[in-house]
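Structure assessment
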Amino acid sequence: MAPAKVFGPAMSTNVARVLVCLEEVGAEYEIVNIDFGTMEHKSPDHLKRNPFGQIPAFQDGDLYLFESRAIGKYILRKYKTTNNDLLPEGNLQEAAMVDVWTEVEAHQYNPAISPIVYECVINPAMRGIPPNQKIVDESVEKLKKVLEVYESRLSKSAYLAGDFVSFADLSHFPYTFYFMTTPYAKLFESYPHVKAWWDRLAARPSVKKLAANMAARA
Amino acid sequence: MAPMKVYGWVLSPWMLRVLVCLEEVGAEYEVVPMSRSGGDHRRPEHLARNPFGEIPVLEDGDLTLYQSRAIARYILRKYKPELLGLGEDGTLEEAAMVDVWVDVEAHQIENTLMPILLNCIVNKFIGRDRDQAAVDESVQKLEKLLAVYETRLSGSKYLAGDRISFADLSHFSCMRHFIVTEYAGVIDAYPHVKAWWEALLARPSVKKVMAGIPPDFGFGSGNAP
């Protein structure tokens, strides 16, 4: 069986969301870089993989997928075992809680944290543009409100969907990793259960392995 | 078994997403109406259900869920997992394609349609000027997106394959209001998209939910949430 292919730069946040799933299940894969500098993401070859011209794209045999959360779920479903089930679809209630917190990551957490990552990490490194402090400050205020809810949740359970780690937690890895390289990382110290949860995630072998690669380029 | 409860105002696109799925599976449910203008979503009793203070919220026994796509997935997984590409005759590939197109709607379609809906339907009722530049930009983006959908729907009857799924149903939310704006004709240039949309509108579940939802979010009749 040929290894699966992930198309996009390894350090990209949305690519990393896919990679952490592959690492968690121990699947063989290769990363095929897509060069934004030459508009490769809009090339006919890439548009065949992702008609919206974005990264990541994913290939497993004849199957082409895009949208990082959809790709992640496919990987977790395909490779799950009784001891390693990060998407517990056999249990209605657990599956529902995983879905709730996966959606919360996408629609509450990400909109608050990603502008800080774009302004403080991505724009300066990739485009030589300095941070827009107004956007950063507004996002920090939004993020504080979100983290208050997370703090309350994580005071009741070790992980977001319950006392088991799941895709919902892993989905937070890429943007949180880069956020932690900014001066705003200390914000998490005001939310001790959130900080402890992040530390548990960061200690996972899959996360440590990917973080080492991403830190080299951050 | 007590019927499920759905809290919120029926005029919300996110509420529509949940209602269409409930109707599609034929589950028993009751809507617990809330008032947006009355700030019901910010009251302590609602924050206890959804700490983000949003709607819809679903209660099924002692399970309380929020985020419309999470609620919808729960309903479908419980009653008709085939609509998620899961269950006995589901496949890994189909489940993946459902997830792909649900996320395309969430990350591409919704934020392209919302400026059109806000400017063309809502703004005049809330005393805001229409931002035509924002509308024009969104319409241009929408046309590019529809070109991708046209290609997809030329290859399969529905978004995830040849049978209907949550991916299709999820599009009903914002499209329902888009079709009454002056830009509705934009989809005429995409015949497979148009046929797909009309097939959705013909479903009994969709017809039933449409009948209860005025196209202008209720503003015209003074019944805005």
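Only a predicted model underlies this, so the values are computations on that prediction, with no experimental measurement involved.

Rules behind the numbers
- Residues numbered from 1 in each chain as written.
- Chains lettered and ligands numbered in written order.
- Predicted model: local features only at pLDDT ≥ 70, side-chain atom pairs only at ≥ 80, totals over all residues.
- Heavy atoms only, no water.
- Core = buried A, V, L, I, M, F, W, Y, C linked by side-chain atoms within 4.5 Å.
- Buried < 20%, exposed > 50% of the residue type's maximum accessible area, 1.4 Å probe, protein only.
- Helix = DSSP H or I, 4+ residues; strand = E, 2+ residues; numbered from the N terminus.
- Contact = heavy atoms within 4.5 Å.
- Pairing = 2+ DSSP bridges.
- Right-handed = clockwise from strand over helix to strand, strands pointing away.
- Buried area = accessible area lost by both parts, 1.4 Å probe.
- Salt bridge = Lys/Arg side-chain N within 4 Å of Asp/Glu carboxyl O.
- Polar contact = N/O pair within 3.5 Å; in protein donor to acceptor, adjacent residues only side chain to side chain.
- Nonpolar A, V, L, I, M, F, W, Y, C, P; charged D, E, K, R; others polar.
- UniProt positions renumbered as here; feature names shortened; annotations may be inferred.
- Domains from an automatic or database assignment.

With that out of the way, let us pick up the nonpolar core. Ranked by internal contacts, the top residues of the largest apolar core, which has 148 residues, are Phe58, Trp101 and Tyr150 of chain A together with Trp101 of chain B. Ranked by the residues each element gives to this core, the list is headed by helix α4 (residues 92–122) of chain B, at 16 residues. Not counting residues within four places of it along the chain, the set of residues in contact with Tyr150 of chain A comprises Trp101, Val104, Glu105, Tyr109, Leu160, His172 and Val194 of chain A together with Phe52 of chain B.

The next subject is the pairing of strand β2 (residues 29–33) of chain B. All names here are of chain B. Both strand β1 (residues 4–8) and β2 contribute to a ladder of 5 bridges, which runs parallel. Opposite Gly8, over in β2, you have Pro33 as the bridge partner. Crossover connection from β1 via helix α1 (residues 13–25) to parallel β2: handedness right-handed.

When the parts come together, some accessible area is lost, and that loss is often what is quoted as the size of the interface. Facing 31 residues of chain B, the contacting portion of chain A comprises 31 residues. Buried surface at the junction of chain B and chain A, both sides included, amounts to about 2900 Å², of which 68% is carbon and sulfur. Area buried by chain B at its contact with chain A is led by Phe52, Arg77 and Leu92 of chain B, which between them contribute 21% of it. For the pair chain B and chain A, the number of links is 4 salt bridges. Between Arg77 of chain A and Asp99 of chain B there is a salt bridge; the shortest N-O distance is 3.1 Å. Taken together, chain B and chain A are joined by 7 residue pairs in polar contact (both at pLDDT 80 or more). Of all elements in the fold, only β4 (63–66), α3 (68–79), α4 and α5 (132–155) of chain B reach the threshold of two or more residues within the side of chain B that touches chain A. At 13 residues, α4 of chain B tops the list of elements feeding residues into the side of chain B that touches chain A. Here the side of chain B that touches chain A is composed, by residue class, of 19 nonpolar, 3 polar and 9 charged.

Before going further, it helps to examine the UniProt feature "signal peptide" (unreviewed entry) in chain B. In this structure's numbering, the residues bearing the UniProt feature "signal peptide" (unreviewed entry) are residues 1–27 of chain B. Segment residues 1–27 of chain B splits into 48% helix and 19% strand. End C-alpha atoms: 11 Å apart.

With that settled, consider the domain arrangement of chain A. All names here are of chain A. Domain annotation of chain A identifies domain 1 (4–78) and domain 2 (92–214). Of note, the centres of domain 1 and domain 2, computed from C-alpha atoms alone, are 21 Å apart. A combined buried area of about 1600 Å² lies between domain 1 and domain 2, and 66% of that area is made up of carbon and sulfur atoms. Looking only at domain 1, the three residues that lose the most surface to domain 2 are Thr13, Glu24 and Arg69, adding up to 34% of its buried area. At the boundary of domain 1 and domain 2, one finds 4 salt bridges. Here Arg204 and Glu24 are joined by a salt bridge, their closest N and O atoms 2.8 Å apart. Remark: the boundary between domain 1 and domain 2 carries 8 residue pairs in polar contact (both at pLDDT 80 or more). Of all the elements in the fold, those that place two or more residues in the side of domain 1 that touches domain 2 are α1 (13–25) and α3 (68–79). Ranked by the residues each element gives to the side of domain 1 that touches domain 2, the list is headed by α1, at 9 residues. When its residues are assigned to classes, the side of domain 1 that touches domain 2 shows 8 nonpolar, 3 polar and 5 charged.

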